[in-house]
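# Summary of the model geometry
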Amino acid sequence: LARLGYQFVEGPSGKPSDLLLRNKDDPQKGFEWRGQADYDAVGEAAFACIQGLLVSRFGLEALPLPASGHGDAHAVVYATPGLVEQTAPLLMLVCGAPPGGAAGVWARSLCMNGSTHEGAMFDYILRARQMGWSVLVANPNANDVAGTPIEGSESPHLHLQTLWRSYVAPSAASYVMIVAHSYGAPSTVHLFKTEARATDRVRAIAFTDAWVTPPGTLLCEVVPESSGDGSQADNGAARLARYAELAPAAFQPGSADLAAWLAQVGRDFTADQRPAGTPVAADRRGVPAVSAGHEKHVSTTQSA
C-alpha cells in the first residue's frame, strides 16, 4: 500500500474500527483517481492491509482452508483463537462478490473513499467480542491461487460448505449466527441445502441487501442466457454457469421446509432510507425484508 502512495491512518472518531485511507506524502488527501488499473491495485493492497489488521489489531487468527493446509493452493479464513473449543455463540461474517467484497471487507469503495468503520468488518468483530461471541470470517472469493483451483473453495458456495465442515460443524459453539452481504446471501443459502445439521445450529441470519440475478431467488439461483458480447453481464452469466456446475444445489429449488425455516430465522436488510428494521416486504427473494436504514447497497451492512 505504501509503494502505491497510501496508508491507513486513525479516523476522527478514535474508534479502533475507524481508519481512513490517506496519501502517504500528504495525509490531508485521500484516494485520488488515476485510472481503473491503479484503483484495482490500491484496492488489492487495501484488502491485504485490512486482512493483516484482522490478526494484528483485532486478535483473530489466520486459518487455512482446506484445514490441512496441504495441497497446491489454499485459502485463508480468520477466526477467534481456539475457535473449535469455544462454547460461546459463533458469528459468521460473509462478504459479497468481487471486486468489492473480500475477507474482512464489506465494500472496497467505502474502505478507499470513506472509512473502514463502514467498509470493513472491524466494527462487527468488536461488537461480537463485547457480546462474548466467537467470530469466523469467511473468504468466499478466494477460489484459486495463480490459476490453481483451491480444493473445496472453487466457488463461494463450496467455500462456505468446506468452511462449515472444517471449523463450524466440529465446534462447541452453542449456536451460530450469520451476516451475509449481497451475493454472500445465496452462497449461504446453498449451505442449508447441502449440510443436514446446519439448520439445527443456525439461530439467526441477517442478509444485507441480498443480491441474486433475476429472476432467481435465494432458494433457487438462475443462470441467465449468455449474449456472447463479452460485456459485464455476459461475464456474470459465464461465472454463474460455472457455479451451477460446481454447486448445482444452489440452482435447484429449495424444499418447502427450508423455505419456511429461512423465513423464520432470516431477514434481508435491504437498501432503503426508512429507519433500520422498518418492514419493507413480507417476502423478497425468499425472506422477509426490512430496511437497512440506508439507500446505498454498499452501506447497508454497517447501517443495519
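Residues numbered from 1 in each chain as written. Predicted model: local features only at pLDDT ≥ 70, side-chain atom pairs only at ≥ 80, totals over all residues. Heavy atoms only, no water.

### Regarding helix α1 (residues 36–56)
The terminal C-alpha atoms of α1 lie 30 Å apart, and with 21 residues this matches the ideal 30 Å at 1.5 Å per residue to within 8%. D38, Y39, V42, G43, A45, A46, F47, I50, Q51, L53 and L54 are the residues of α1 that are buried. Buried residues in α1 make contact with β1 (6–10), β2 (19–23), β4 (75–79), α2 (108–113), α3 (116–119) and α4 (122–131). (Helix = DSSP H or I, 4+ residues; strand = E, 2+ residues; numbered from the N terminus. Expected span 1.5 Å × (residues − 1). Buried < 20%, exposed > 50% of the residue type's maximum accessible area, 1.4 Å probe, protein only. Contact = heavy atoms within 4.5 Å.)

### Overview of the environment of F47
Within the element layout of this structure, F47 appears in helix α1. A residue is classified by how much of its surface remains accessible, and F47, at 7% relative accessible area, is buried. C-alpha separation for the pair F47 and L19, spaced 28 residues apart in sequence, amounts to 13 Å. Look past the residues within four positions of F47 in its chain and what remains in contact with it is P99, G100, G101, A102, V105 and R108.

### Side note on the packing of helix α5 (residues 156–168) against helix α6 (residues 184–194)
Relative orientation and spacing of two packed helices are given, respectively, by the angle between their axes and the distance between those axes. At a minimum axis distance of 8 Å, the contact between α5 and α6 shows a crossing angle of 55°. Compared by their axis directions, α5 and α6 come out oblique. Taken as a pair, α5 and α6 cross one another with a handedness that is right-handed. Across the interface between the two elements, P156, H157, L160, Q161 and W164 from α5 touch P186, S187, T188, H190, L191 and T194 from α6. When grouped by side-chain class, the residues that make up the contact of α5 with α6 number five nonpolar, six polar and no charged. (Axes fitted to C-alpha atoms, helices over the stretch in contact; angles between N-to-C directions. Parallel < 35°, antiparallel > 145°, perpendicular 65-115°, else oblique. Left-handed = near helix turned anticlockwise from the far one by under 90°. Nonpolar A, V, L, I, M, F, W, Y, C, P; charged D, E, K, R; others polar.)

### Things to note about unusual backbone geometry
At the junction of L65 and P66, the peptide bond is cis and its omega measures out at 5° in the coordinates. With respect to the element layout, P66 can be found in the loop between β3 (61–65) and β4. For the peptide bond that leads from P98 to P99, omega is 5°, which places it in the cis range. With respect to the helices and strands, P99 occurs in the loop between β5 (90–94) and α2. Not every positive phi belongs to a glycine, and A146 is a case in point at roughly 50°. Note that A146 resides in the loop between β7 (144–145) and β8 (148–149). A positive phi is found at D209, a non-glycine position, where the angle reads about 50°. The exposure class of D209 is buried, given its relative accessible area of 11%.

### Brief notes about the sheet that holds strand β10 (residues 202–208)
In spatial order, the strands read β3-β4-β6-β5-β9-β10-β11-β13-β12; together these nine strands make up an open sheet with mixed pairing. With one partner strand each, in any of the chains shown, β3 and β12 (279–284) form the two edges of the open sheet. Each strand axis lies, on average, 25° off the axis of its neighbour in the sheet, ignoring direction. Along the sheet, α4 contacts β5, β6 (134–137) and β9 (176–181); its crossing angle with β5, the most-contacted strand, is approximately 175°. The strands touched by α5 within the sheet are β3, β4, β5, β6, β9 and β10, with β3 carrying the most contacts at an inclination of about 115°. (Pairing = 2+ DSSP bridges.)

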